[in-house]
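# Descriptive structure summary
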Amino acid sequence: MQVKFLDLKAVNEPYFPEMLEATRRFLESGWYVLGKEVESFEEEYAAYCGANYCVGVSNGLDALRLILEAYKALGMVREGDEVIVPANTYIASILAITQSGLKPVLVEPHPESYNINPDEVEKQVTSRTRAIMAVHLYGQLADMDRLSAIAERHGLLLIEDAAQAHGAKLHNGGRAGSLGHAAGHSFYPGKNLGALGEGGAVTCMDKELAEAVKALRNYGSHKKYYNLYKGFNMRIDENQAAWLRIRLRGLDRENEHRRMLAGIYDSMLDPALVKRPKVMEYGEHVYHIYAIMHPDRDGLQKYLADKGVSTLIHYPLPPHKQEAYKEWNYMSFPITEEIHNRELSLPISPVHTKEEIKYVASMINSYK
Ligand SMILES: *Cc1c(COP(=O)(O)O)cnc(C)c1O
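In this text, all values refer to a predicted model and were calculated from it rather than measured experimentally.

Moving on to the packing of aromatic side chains. For any pair of aromatic rings, geometry is given as the distance between the ring centres together with the angle between the planes. What the rule picks out here adds up to 10 aromatic pairs. With centroids separated by 6.2 Å and ring planes inclined at 15 degrees, the aromatic side chains of Tyr45 and Tyr48 adopt a geometry described as stacked. With Tyr45 and Tyr48 both in helix α3 (residues 36-49) and three residues apart, this pair spans about one turn of that helix. Summarising the burial analysis for this pair, Tyr45 and Tyr48 share the class buried. Here Tyr265 and Tyr290 contribute two aromatic rings whose centre-to-centre distance is 4.6 Å and whose plane-to-plane angle is 35 degrees, an arrangement assigned as tilted. Of this pair, Tyr265 sits in helix α9 (residues 238-268) while Tyr290 sits in strand β12 (residues 290-293), placing them 25 residues apart in sequence. One aromatic cluster is present, formed by Phe41, Tyr45, Tyr48 and Phe187 through successive ring pairs. If you follow Lys223 out to its NZ or CZ, it ends over the ring of Tyr226, 4.8 Å from the centre.

In the UniProt entry, the feature "modified residue: N6-(pyridoxal phosphate)lysine" (unreviewed entry) is given for Lys191. Mapped onto the elements of the fold, Lys191 is located in the loop between β7 (182-186) and β8 (200-204). Aside from chain neighbours lying at most four places away, what touches Lys191 is Ala163, His166, Ser186 and His288.

A separate point is the packing of helix α10 (residues 297-306) against helix α12 (residues 354-365). Closest axis-to-axis distance for the α10/α12 pair is 10 Å, and the angle between their directions is 130 degrees. As judged from the angle between their axes, α10 and α12 are oblique. The hand of the α10/α12 crossing is right-handed. Residues Leu300, Tyr303 and Leu304 of α10 lie in contact with α12, whose contacting residues are Val360, Met363 and Ile364.

UniProt feature "active site" (unreviewed entry): in the numbering of this structure it lies at Lys191. Assessed through its relative accessible area of 15%, Lys191 is described here as buried.

Below, the discussion takes up the site of the ligand. In the vicinity of the ligand, the residues found are Asn59, Gly60, Leu61, Tyr90, Ala92, Ser93, Val135, Asp161, Ala163, Gln164, Ser186 and Lys191. In the model, a nitrogen atom of the ligand is placed 2.7 Å from a nitrogen or oxygen of the Asp161 side chain. The separation between an oxygen atom of the ligand and a polar side-chain atom of Gln164 is 2.9 Å. Calculation on the ligand without its partners gives an accessible area of 380 Å², and the protein chains cover 90% of this total. Among the elements of the structure, α4 (60-73) and α5 (91-99) are those that each provide at least two residues to the shell around the ligand. Partitioned by chemical class, the residues of the shell around the ligand number five nonpolar, five polar and two charged.

What counts, and where the lines are drawn
Residues numbered from 1 in each chain as written. Predicted model: local features only at pLDDT ≥ 70, side-chain atom pairs only at ≥ 80, totals over all residues. Heavy atoms only, no water. Phe/Tyr/Trp six-rings, centres within 6.5 Å; stacked < 30°, edge-to-face > 60°. Helix = DSSP H or I, 4+ residues; strand = E, 2+ residues; numbered from the N terminus. Buried < 20%, exposed > 50% of the residue type's maximum accessible area, 1.4 Å probe, protein only. Lys NZ or Arg CZ within 6 Å of the ring centre and 35° of its normal. UniProt positions renumbered as here; feature names shortened; annotations may be inferred. Contact = heavy atoms within 4.5 Å. Axes fitted to C-alpha atoms, helices over the stretch in contact; angles between N-to-C directions. Parallel < 35°, antiparallel > 145°, perpendicular 65-115°, else oblique. Left-handed = near helix turned anticlockwise from the far one by under 90°. Near = heavy atom within 4 Å. Polar contact = N/O pair within 3.5 Å; in protein donor to acceptor, adjacent residues only side chain to side chain. Areas by Shrake-Rupley, 256 points an atom, 1.4 Å probe, with all protein chains shown as cover. Nonpolar A, V, L, I, M, F, W, Y, C, P; charged D, E, K, R; others polar.

Written out as structure tokens, the structure reads:
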């Protein structure tokens, strides 16, 4: 059996008839930048997340960057201020901080959930700290109740990197994107809510922040040819917004399918052979990634490839060991490094079948 890691054409195919119709509408509209599709998507996605505002932007990195730049424009954050962020995240979370002239303070994840550890966050708060950036890693929400309490106690902004967690929700309420002061979302094609190219969004609760982000994505202009800020060109495309509106309607169903497949892995994988991040009781995982930890990760990956199963590693090298952040290479984050050395991402998507997942699980159990 051949099991692909992700078949993007198959994921999008069920939506092709509606997408073709939306493409025709887009072509015939004669309006190609920041039009009705973007506005409608912003309304629909804000409502879906339970946030007051949504601003469509160019991608996930820019969404996080725009949040930080908007707080700077509003005078709530100053250059050089510290932002606490997990050491084991995709590098984009950290790039957004350094690109905004702020200082990332890396903290270890919780050893069981692999999400940012509130106890470590608390230890790193200083008089220079202005914000916490929580990343909902692999599609599981960070411990937002505890992080909110810490943010409130110290007067900090709480920002979500929701790039991997579209639709993830707390059992007692809100979804990713409505659990802090502001959230950055990515619609990179492989994410749970994927565009057919670049796309991202900022969701937030506060009107002032939404207006600053809206101006900053468009040269800092709040009104045509009048500029409040030294802004950027970080707009989302009208056609991507049109396609995202269609994909959004299928998101809950797709996430349900991912959870069903994760349940098969959970019940079949031998816990003596593989370790998995703990699924926390407070929320619903959306399995952007089904991660396992294996002491012989590279050997297992090769073995699976021989059996026709494609896997990926999220991620092989943590940000503080990257050439791009040479100045941090001396630092040591043992939990983060252990995760990067052992993590293997198994196939999971809206179009994988139960049979495929059972095959992958049995191949893993057969690896000696
Ligand atoms: C994908 C991702 C991003 C970046 O999103 P892009 O749209 O690719 O810029 C940021 N943070 C995390 C955790 C991601 O997984």
